[in-house]
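Listed below, chain by chain, are the residues.
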Amino acid sequence: MASNDPVQDVLMVLLPGSYADELISELERHGVDVRTSDGLFKLLNGIADGGVPDVVHLHFLHGFFVVESRLLTVLLGIKLVAELCVLRVLGAPVVWTVHNLTEHENRHPRLEYAIRHVVSRLCDRVIVHCDRAGDIITDTYRLPSRTQDRIRTVPHGNYKGVYPDEVSDEQARAELNL
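An account of the accompanying structure is given in this report. Note that this is a predicted model, so its numbers are computed, not measured.

Looking at the side chain of H108
You can see H108 is positioned in the loop between β4 (94–97) and α5 (109–122). Reaching out from H108, the side chain makes a polar contact with the backbone oxygen of E68 at a distance of 3.0 Å. Excluding its chain neighbours within four sequence positions, the residues that come into contact with H108 are V66, V67, E68, S69, R70 and T73.

Concerning helix α1 (residues 18–29)
Here α1 contains twelve residues, and its C-alpha end-to-end distance of 16 Å stays within 8% of the 16 Å for a straight helix at 1.5 Å per residue. Among the residues making up α1, those that are buried are Y19, A20 and I24. Along the axis of α1, the buried residues cluster in a sector spanning 120 degrees; they form a single face. For α1, the exposed residues lying more than 90 degrees away from the buried face are D21 and R29. Residues of α1 that are buried make contact with β1 (9–13), β2 (33–36), β3 (55–59) and β4. Just downstream of α1 lies G31, where phi reads positive at about 85 degrees.

What to know about α5
Here α5 contains 14 residues, and its C-alpha end-to-end distance of 20 Å stays within 8% of the 20 Å for a straight helix at 1.5 Å per residue. Listed as buried for α5 are L111, E112, I115, R116, H117, V119, S120 and L122. Tucked inside the fold, the buried residues of α5 contact α3 (62–65), α4 (70–90), β4, β5 (125–128) and α7 (145–148).

Concerning the packing of α4 against α5
Orientation of α4 relative to α5, taken along the N-to-C sense of each, is 0 degrees, at an axis distance of 10 Å. The angle between α4 and α5 places the two elements in the roughly parallel class. From α4, R70, T73, V74, G77, I78, L80, V81, L84, C85 and R88 reach across to α5, where they touch L111, I115, V118, V119 and L122. Residue composition of the contact of α4 with α5, by class: eleven nonpolar, two polar and two charged.

Re unusual backbone geometry
Positive phi outside glycine occurs at F60, with the angle close to 45 degrees. Structurally, F60 is set in the loop between β3 and α3. The backbone of N177 sits at a positive phi, close to 55 degrees, despite the residue not being glycine. Counting through the fold element by element, N177 comes out in the segment after α8 (169–175).

What about the pairing of β2?
Sheet analysis places β1 next to β2, joined by four bridges and oriented parallel. By the bridge assignment, M12 is partnered in β2 with T36. Handedness of the crossover joining β1 and β2 through α1: right-handed.

What counts as what
Residues numbered from 1 in each chain as written. Predicted model: local features only at pLDDT ≥ 70, side-chain atom pairs only at ≥ 80, totals over all residues. Heavy atoms only, no water. Helix = DSSP H or I, 4+ residues; strand = E, 2+ residues; numbered from the N terminus. Polar contact = N/O pair within 3.5 Å; in protein donor to acceptor, adjacent residues only side chain to side chain. Contact = heavy atoms within 4.5 Å. Expected span 1.5 Å × (residues − 1). Buried < 20%, exposed > 50% of the residue type's maximum accessible area, 1.4 Å probe, protein only. Arc of directions from axis to C-beta. Axes fitted to C-alpha atoms, helices over the stretch in contact; angles between N-to-C directions. Parallel < 35°, antiparallel > 145°, perpendicular 65-115°, else oblique. Nonpolar A, V, L, I, M, F, W, Y, C, P; charged D, E, K, R; others polar. Pairing = 2+ DSSP bridges. Right-handed = clockwise from strand over helix to strand, strands pointing away.

This is how it looks when you write it as structure tokens:
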């Protein structure tokens, strides 16, 4: 696929929820065939089930490898890196949207930083939602300039119309003591 060809087939690997639903729906509205995958080898299962897509798009990376056990976190991180290496050999472009520096529970931050550093280097593009986030991940994950050049800013969308909007601005300010 040439870099200026339109994307028609995306393997999207992310945690379920309203963000995933809205993103997939919007891509499909624009004519993109979005596939998802699960199982122990999410990335390779997606390729085995539908072939090499135009793009593999990763979200919420901690869902691939961070668990309570430090040892299992390391092993799952290595598995993720191995899957990404296979995708590179197969020629599948990989994009990762960075939503958080680490998972919210912050169970193994140093391990997470190390795995995220390696993943960043294996991705063709890394998406952040503001320019400052690009600077922060560059510093936090200690990314070399070659990897920094792959970072792109795509402003985050909103959830207008997704959830009921039944509170006036005045009422919200009063409830929040603003």
